[in-house]
Amino acid sequence: MRCRVLPVLCSLVGLGLGSLNLPLSARAADDGHGGSDTGVQVETLVRSNRAWNGSLLPAYPSGQPLVSVLRITIPAGVALAPHHHPVINAGVLLQGRLQVVSASGESRNLQAGDGLIELVNQVHHGTSLGPEPAVILVVYAGTADLPTTVRDGQGSTMPSAGL
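Residues numbered from 1 in each chain as written. Predicted model: local features only at pLDDT ≥ 70, side-chain atom pairs only at ≥ 80, totals over all residues. Heavy atoms only, no water.

1. So, the overall build of the protein chain
Across its full length, the protein chain holds 2 helices and 9 strands. The order of helices and strands in the protein chain, counted from the N terminus, is α-α-β-β-β-β-β-β-β-β-β. Residue burial in the protein chain is summarised as follows: out of 163 residues, 39% are buried. Across the protein chain, every contact between residues at least 6 apart in sequence was considered, and the portion connecting residues at least 24 apart equals 76%. Carbon and sulfur atoms make up 54% of the accessible area of the protein chain, which totals about 8,500 Å². (Helix = DSSP H or I, 4+ residues; strand = E, 2+ residues; numbered from the N terminus. Buried < 20%, exposed > 50% of the residue type's maximum accessible area, 1.4 Å probe, protein only. Contact = heavy atoms within 4.5 Å. Areas by Shrake-Rupley, 256 points an atom, 1.4 Å probe, with all protein chains shown as cover.)

Shown next, in the form of structure tokens:
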């Protein structure tokens, strides 16, 4: 099986550390959609109970759920300000190249098609490596009273910025 996600996530899923103990190939073949016999293909890009740096994801917040789907475009060479996400989120890089870096210096390089489970409540930033803009589609699973993104040290929200 060709692994299109970050190697650390492939290792976690392959070791059974994902949320299901089925082999990745069994989950990806149909994923419960029931369409494999009609040509429907389901490809699991990333599935884990851990963020890209290996840290365990927190429990979902209580309250009325609010799901946000953002398309974030970062011009080539631009680095986002250090920030954190108070809610669980995951994304797929649609275009370009992106480097994500934690406050401790851990980093991952993504290319178009790669999936990523983001850090929660951990300061990090992303940089578009060019030569084209990095475009990432991010799904945030939060609540109405929580922002998707908070700039580090400023306490302000960044509603349209991610990674």
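2. Brief notes about the nonpolar core
A general trend in soluble globular proteins is that nonpolar side chains are found buried together. Membership of the largest hydrophobic core comes to 21 residues, with the highest contact counts inside it found for Leu 57, Ile 72, Leu 93, Leu 98, Ile 136 and Tyr 140. Put simply, the parts of the chain that give this core at least two residues each are strand E1 (65-74), strand E3 (88-95), strand E4 (97-102), strand E6 (115-117) and strand E8 (134-143). Ranked by the residues each element gives to this core, the list is headed by E8, at 4 residues. (Core = buried A, V, L, I, M, F, W, Y, C linked by side-chain atoms within 4.5 Å.)

3. Details of the side chain of His 83
Inspection of the secondary structure assignment puts His 83 in strand E2 (residues 83-84). Here Ala 81 takes part through its backbone oxygen, which lies 2.7 Å from a polar atom of the side chain of His 83. (Polar contact = N/O pair within 3.5 Å; in protein donor to acceptor, adjacent residues only side chain to side chain.)

4. Description of the environment of Leu 56
By the element assignment, Leu 56 lies in the loop between helix H2 (24-30) and E1. The class of Leu 56 is exposed, set by a relative accessible area of 56%. Counting along the chain gives 64 residues from Leu 56 to Val 120, while the straight-line C-alpha distance between them is 9.2 Å. Not counting residues within four places of it along the chain, the set of residues in contact with Leu 56 comprises Asn 49 and Arg 50.

5. Brief notes about the confidence of the model for the protein chain
Considering every residue of the protein chain, the mean pLDDT works out to 81; 74% of them sit at 70 or more. Across residues 1-27, confidence stays below pLDDT 50; counting only partners more than four residues off in sequence or on other chains, it has 46 contacts. Counted against residues more than four places away or in other chains, residues 155-162, with its pLDDT under 50, gives 23 contacts. (pLDDT = per-residue confidence, 0-100.)

6. What about the side chain of Thr 148?
Within the fold, Thr 148 resides in the loop between E8 and strand E9 (150-151). Reaching out from Thr 148, the side chain makes a polar contact with the side chain of Thr 149 at a distance of 3.5 Å.

7. Digging into the environment of Thr 127
Inspection of the secondary structure puts Thr 127 in strand E7 (residues 124-128). C-alpha separation for the pair Thr 127 and Asn 109, spaced 18 residues apart in sequence, amounts to 9.5 Å. Beyond its immediate stretch of four places on either side in the chain, Thr 127 contacts Val 78, Ala 79, Arg 97, Leu 98 and Gln 99.

8. Structural notes on the sheet that holds E8
Taken in spatial order, the 4 strands make up an open sheet running E1-E8-E3-E6, and their pairing is antiparallel. Only two strands of the sheet have a single partner each, and these edge strands are E1 and E6. Neighbour to neighbour, the strand axes of the sheet diverge by 20° on average, direction disregarded. Sheet topology note: the E1/E8 ladder contains 10 bridges and is antiparallel. Following the sheet pairing, Val 69 is matched in E8 by Val 139. (Pairing = 2+ DSSP bridges. Axes fitted to C-alpha atoms, helices over the stretch in contact; angles between N-to-C directions.)

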